[in-house]
Amino acid sequence: MGELEDAVMTRVWKWNRPVTVREVLEDLQQERSIAYTTVMTVLDNLHQKGWVRREAEGRAYRYEAVSTRAAYAAALMNDAWSQSDNPAAALVAFFGMMSEEQRLALRDAVRMVQGPSVENPDSASRGGGR
């Protein structure tokens, strides 16, 4: 996704509702000079790429994100990882770049994916020791 596409999608994700070209334009114009037709083209491109869906409203469209920013980030990470000739080394290098906060978030995510773990097999056979 290009820089302008990301700026547009950031708004669509943040607002979490169907948006018009005009709404995105007015918000973007607080940061940069940009034309209505440019925003319309970017949203049309995002629609063609499958990142937004659109619904006609009069002579215009309302655009809505197809997935979340988290799903987009996950797809980027998966794509980059799958292109590595040594996925394990790529992960080790990636983990080395992480801040402590990111590593904690990763641990939490792994726990969520794995589900509840049994730390003490004896307590599991007794119903969790309660």
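Presented here is a report on the structure given in the accompanying data block. (Residues numbered from 1 in each chain as written. Predicted model: local features only at pLDDT ≥ 70, side-chain atom pairs only at ≥ 80, totals over all residues. Heavy atoms only, no water.)

## Re the nonpolar core
Note the cut-off: Working definition of a nonpolar core: buried Ala, Val, Leu, Ile, Met, Phe, Trp, Tyr and Cys residues. They are joined through side-chain atoms within 4.5 Å. Burial status follows relative accessibility: with a 1.4 Å probe on protein chains alone, a residue under 20% of its type maximum counts as buried, one over 50% as exposed, and anything between as partly exposed. Secondary structure follows DSSP: runs of H or I at least 4 residues long count as helices, runs of E at least 2 residues long count as strands, and numbering of each begins at the N terminus. Here, residues are in contact when the closest pair of their heavy atoms is within 4.5 Å.
Ranked by internal contacts, the top residues of the largest apolar core, which has 19 residues, are Val 8, Val 24, Leu 28, Val 39, Leu 43 and Leu 46. Taken together, the elements giving at least two residues each to this core come down to helix H1 (3-15), helix H2 (21-28), helix H3 (36-49) and strand E2 (60-65). Ranked by residues supplied to this core, first place goes to H1 with 5 residues. Leave out the neighbours within four places in its chain, and Leu 43 touches Val 8, Val 21, Val 24, Val 52 and Tyr 63.

## Things to note about the pattern of salt bridges
Heads up, the condition is: Definition used for salt bridges: Asp or Glu carboxyl oxygen within 4 Å of a side-chain nitrogen of Lys or Arg.
This structure, assessed with the given rule, holds 13 salt bridges. Close ionic contact of Arg 62 with Glu 57 constitutes a salt bridge, the shortest N to O distance being 2.9 Å. With a relative accessible area of 25%, Arg 62 lands in the partly exposed category. Three or more residues joined by partner-sharing salt bridges are found here, namely Arg 17, Glu 23, Glu 57 and Arg 62.

## Some details on the packing of H2 against H3
Under the convention used in this document: Geometry is summarised by axes, namely lines fitted to C-alpha atoms with helices restricted to the contacting stretch, and by angles between N-to-C directions that run from 0 to 180 degrees. For classification purposes, angles smaller than 35 degrees are called roughly parallel, those larger than 145 roughly antiparallel, those between 65 and 115 roughly perpendicular, and all remaining angles oblique. Handedness of each helix crossing follows the sense of rotation of the near helix against the far helix: counterclockwise by less than a right angle gives left-handed, clockwise gives right-handed. Residues are grouped as follows: Ala, Val, Leu, Ile, Met, Phe, Trp, Tyr, Cys and Pro are nonpolar; Asp, Glu, Lys and Arg are charged; all remaining types, including Gly, are polar.
For the pair H2 and H3, the least separation of the axes is 9 Å and the interaxial angle reads 120°. On the basis of the axis angle, H2 is oblique to H3. Considering the relative orientation of H2 and H3, their crossing is right-handed. Contacts between H2 and H3 pair Val 21, Arg 22, Val 24, Leu 25 and Leu 28 from the former with Tyr 36, Val 39, Met 40 and Leu 43 from the latter. Class assignment for the residues of the contact of H2 with H3 results in 8 nonpolar, no polar and 1 charged.

These values are about where atoms sit, not about what they do.
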